[in-house]
Amino acid sequence: MLDIYAGENAFKTIQEQGFKQDLFTKMLGASGGPKWFTLFGLDKYLFGEFFKDRTSELNLIGSSAGAFRFAALSQKDPVAAITRLAKHYSETVYSTNAKSAEITEKAKNLLDAVYGKTGVEEVLNNSVFKAHFIVAKCSGLTTYEQPALQMLGLCSSLVLNRINRGLIAKQYQRFIFHHPKSQLQINDRYHFNDTYVSLSDKNLKDALLASGSIPMVMKAVKNISGAPQGTYRDGGIIDYHFDIGLKPKDGLTLYPHFNAQPKAG
């Protein structure tokens, strides 16, 4: 079953003009690990049929699993790429009690399989589907790889987020690695000191890997090309489910989701 939710203005627009693909100028992709499989069929329909003949730009903004989806869907053949992602993601096998080094290496292998020889170039040169990956730059205890110190930092994040979501801006800075020709801006009331870095052939895979580098599970990505030196982890730390505004405000935002009640942070 597919439920469709719309705000008052969006609902009015759709009632007047119909559910047409050119009404949408942005698309969000939430974190959620393997939960993204519930959207696999919908992604294939959207990019194989609904958006198939689109000529105007559609900005794709994803964190973690959402970023992985959009990295596939912004390739030249989005249906083939998202199918490769689903195949390799579901068939990846880890050793018993796998450590972060092994899991990280398997994630790199996954990216190589999904992108092939031309995937990075296809994403960078796509003038219609423009990818954006959300990444969290860490400070304090969350920069450490030692499990005990990292866990202390994450527990602190949990407490701060419970008190006030804006407080975790003391530990994390939001980085938006964006299509080189994107003009999209995030409007965030919690002030995560947003920083924009253009994607390139030197940083795209690292930025994508960082967006999905789950704390305590994978190693952080260090010193991404084009960005300040530092420790970068899963974008879902800040934007697990999005609660941001997007500029410019033209058009509607499509947000396929596996949960009927998205929760910020």
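Preceding this paragraph is the structure being described.
Residues numbered from 1 in each chain as written. Predicted model: local features only at pLDDT ≥ 70, side-chain atom pairs only at ≥ 80, totals over all residues. Heavy atoms only, no water.

A.B. asks: Outline the side chain of N126, supporting the account with residue identities and numerical values.
C.D. replies: Structurally, N126 can be placed in the loop between α6 (119–124) and β3 (129–138). Sequence-distant contacts of N126, that is, excluding residues within four places in its chain, are made with S74, Q75 and H179. (Helix = DSSP H or I, 4+ residues; strand = E, 2+ residues; numbered from the N terminus. Contact = heavy atoms within 4.5 Å.)

A.B. asks: Can you explain the pairing of β3? Please cite residues and give values.
C.D. replies: For β3, the tally of buried residues reaches 10 of 10 residues, placing the bulk of the element in the interior. Residues F129, A131, F133, V135 and K137 point to one face of β3 and K130, H132, I134, A136 and C138 to the other, with burial holding for every one of them. Pairing analysis gives six bridges linking strand β2 (residues 58–63) to β3, with the strands arranged parallel. Paired with G62 across the strands is F133, a residue of β3. As judged from the seven bridges shared by β3 and strand β4 (residues 172–178), these two strands associate in the antiparallel manner. (Buried < 20%, exposed > 50% of the residue type's maximum accessible area, 1.4 Å probe, protein only. Pairing = 2+ DSSP bridges.)

A.B. asks: So what's going on with the pattern of salt bridges? Which residues, and what values?
C.D. replies: One pass over the structure, following the stated rule, counts 12 salt bridges. The partner of R69 in a salt bridge is D43, with the nearest N and O atoms 2.8 Å apart. Taken as a pair, R69 in helix α3 (residues 65–73) and D43 in helix α2 (residues 40–50) lie far apart in primary sequence, 26 residues in all. The exposure classification of R69 matches that of D43, with both residues buried. A network of salt bridges, in which partner residues are shared, links R165, R174, D188, D194, D239 and D243. (Salt bridge = Lys/Arg side-chain N within 4 Å of Asp/Glu carboxyl O.)

A.B. asks: Give me the packing of aromatic side chains: which residues, what numbers.
C.D. replies: Evaluated as defined, the whole model comprises 16 aromatic pairs. Seen in terms of ring centroids, F47 and F129 are 5.0 Å apart; in terms of plane orientation they differ by 65°. Their pairing is edge-to-face. A residue pair is termed long-range when its members are at least 10 positions apart, and F47 in helix α2 and F129 in strand β3 qualify at 82 residues. The exposure class assigned to F129 is buried, which follows from its relative accessible area of 9%. (Phe/Tyr/Trp six-rings, centres within 6.5 Å; stacked < 30°, edge-to-face > 60°.)

A.B. asks: Report on a nonpolar patch on the surface, specifying residues and quantitative values.
C.D. replies: A contiguous nonpolar patch, built from M151, I214, M216 and V217 and spanning about 290 Å² of accessible area, is present on the exposed surface. For M151, the position within the fold is in helix α7 (residues 147–163). Residue classification places M151 among the partly exposed residues on the basis of a relative accessible area of 38%. (Patch = residues over 30% accessible without salt bridge, like charges linked within 9 Å, V, L, I, M, F, W, Y side chains within 5 Å. Areas by Shrake-Rupley, 256 points an atom, 1.4 Å probe, with all protein chains shown as cover.)

A.B. asks: Hey, could you go over the nonpolar core for me, with residue numbers and the actual values?
C.D. replies: Formed by 54 residues in total, the largest nonpolar core has its most connected members in M27, F47, F51, F133 and F177. Residue contributions to this core peak at seven residues, all from α3. Apart from residues no more than four positions distant in its own chain, F47 is found in contact with M27, K52, L58, L60, L73, P78, V79 and F129. Core analysis: the second largest hydrophobic core is formed by 10 residues, C138, L154, I168 and Y172 among them. (Core = buried A, V, L, I, M, F, W, Y, C linked by side-chain atoms within 4.5 Å.)

A.B. asks: A description of helix α5 (residues 100–115) should follow, citing residues and the corresponding values.
C.D. replies: Taking 1.5 Å per residue as the helical rise, α5 with its 16 residues ought to reach 22 Å, and the 23 Å between its terminal C-alpha atoms agrees with that figure. Check the buried side of α5 and you find it contacts α3, α4 (78–91), α6, β3 and α8 (204–211). Immediately downstream of α5, the backbone of G116 shows phi near 65°, a positive value. (Expected span 1.5 Å × (residues − 1).)

A.B. asks: Could you give an account of α4, with specific residues and numbers?
C.D. replies: Spanning 14 residues, α4 covers 20 Å between terminal C-alpha atoms, matching the ideal 20 Å at 1.5 Å per step. Buried within α4 are the following residues: P78, A81, I82, L85 and A86. Axial view of α4: buried residues confined to an arc of 140°, hence all on one face. Packing partners of the buried residues in α4 comprise α2, α3 and α5. (Arc of directions from axis to C-beta.)

A.B. asks: Before we move on, could you go through the side chain of T104 and cite the residues and values that matter?
C.D. replies: One can find T104 in helix α5. A polar contact of 2.9 Å, which involves the side chain of T104, links it to the backbone nitrogen of K219. When near neighbours in sequence (up to four residues on either side) are disregarded, T104 contacts L209, M218 and K219. (Polar contact = N/O pair within 3.5 Å; in protein donor to acceptor, adjacent residues only side chain to side chain.)

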